[in-house]
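# Descriptive analysis of the structure
Residue-level listing of the chains:
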Amino acid sequence: MILLALYIGLLLIGLACFITHAVLPFRIAKHLRLDYPQHWKVIVDTGAGTQAAHGPQLWLRMQHVLRSPAIAAIDDVSITRLWCTWRYSQWIAWGCWIAALALQWHSRS
């Protein structure tokens, strides 16, 4: 019974971390758009006149910014906290899911 609760708990924590990893880029983008419009303009600007990035192009640009040292260079505590959470949540999620698989494998043998 305890192993089942641990197994389900690990799966749920992993799921919550994956959802966090998916949602936080939107929260970071909102903070950048509101608090640092000059930095947001660099992300959105495509260099093709007045055309701004949108849709998948904007998502790719935001992913590039999140993986670069640009967010840490802004030196905003709330954005840095969200960025650190985004950065490590995926690793925690995978760790939880692999631990759940190991627990499942161990309980069958």
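Everything in this summary refers to the structure shown in the same document. Just so you know, these numbers come straight off a predicted model, no measurement behind them.

## Concerning a nonpolar patch on the surface
A contiguous nonpolar patch, built from Met-1, Leu-4, Ile-8, Leu-12, Leu-15, Ile-19, Val-23, Trp-94, Trp-97 and Ile-98 and spanning about 1,000 Å² of accessible area, is present on the exposed surface. When residues of the nonpolar patch are traced back to their parent elements, those giving at least two are helix 1 (2-35) and helix 5 (77-108). Here the nonpolar patch takes six residues from helix 1, the largest share from any one element. The residue Trp-94 is located in helix 5 in this model.

## Here's the deal with the packing of aromatic side chains
Applying the stated criterion to the full structure yields three aromatic pairs. Note on Trp-94 and Trp-97: the rings are 6.4 Å apart at their centroids and 75 degrees apart in plane angle, and the pair reads as edge-to-face. Linking Trp-94 with Trp-97, this pair stays in helix 5, spanning three residues, or about one helical turn. Residue Trp-97 is classed as partly exposed on the basis of its relative accessible area, which comes to 31%. Taken together, Phe-18, Trp-94 and Trp-97 form an aromatic cluster joined through their ring pairs. Sitting above the plane of the Trp-40 ring, Arg-33 keeps its charged end 5.3 Å from the centroid.

## Quick word on a positive patch on the surface
Together, Arg-27, Lys-30, Arg-33 and Arg-81 line one region of the surface with positive charge. For the positive patch, the element with the highest residue contribution is helix 1, accounting for three residues. With respect to the element layout, Arg-81 can be found in helix 5. Judged by relative accessible area, Arg-81 falls into the exposed class, the value being 51%.

## Concerning unusual backbone geometry
Outside of glycine, negative phi angles account for most residues, and trans bonds account for most peptide bonds. Phi at Asp-75 is positive, roughly 60 degrees, even though this residue is not glycine. The residue Asp-75 is located in the loop between helix 4 (70-74) and helix 5 in this model.

## Describing helix 5
At 3.6 residues per turn, the α-helix brings residues three or four places apart onto the same side. Taking 1.5 Å per residue as the helical rise, helix 5 with its 32 residues ought to reach 46 Å, and the 46 Å between its terminal C-alpha atoms agrees with that figure. Listing the buried residues of helix 5 in full gives Ile-79, Leu-82, Trp-83, Trp-86, Ser-89, Ala-93, Cys-96, Ala-100 and Leu-103. Of the residues that open helix 5, the one with a side-chain oxygen 3.0 Å from the backbone nitrogen of Ser-78 is Asp-76.

Cut-offs used in this document
Residues numbered from 1 in each chain as written. Predicted model: local features only at pLDDT ≥ 70, side-chain atom pairs only at ≥ 80, totals over all residues. Heavy atoms only, no water. Patch = residues over 30% accessible without salt bridge, like charges linked within 9 Å, V, L, I, M, F, W, Y side chains within 5 Å. Areas by Shrake-Rupley, 256 points an atom, 1.4 Å probe, with all protein chains shown as cover. Salt bridge = Lys/Arg side-chain N within 4 Å of Asp/Glu carboxyl O. Helix = DSSP H or I, 4+ residues; strand = E, 2+ residues; numbered from the N terminus. Phe/Tyr/Trp six-rings, centres within 6.5 Å; stacked < 30°, edge-to-face > 60°. Buried < 20%, exposed > 50% of the residue type's maximum accessible area, 1.4 Å probe, protein only. Lys NZ or Arg CZ within 6 Å of the ring centre and 35° of its normal. Lys, Arg positive; Asp, Glu negative; His and termini not counted. Charge placed at Lys NZ, Arg CZ, Asp CG, Glu CD. Expected span 1.5 Å × (residues − 1). Polar contact = N/O pair within 3.5 Å; in protein donor to acceptor, adjacent residues only side chain to side chain.

Worth remembering: the numbers are spatial, not functional.
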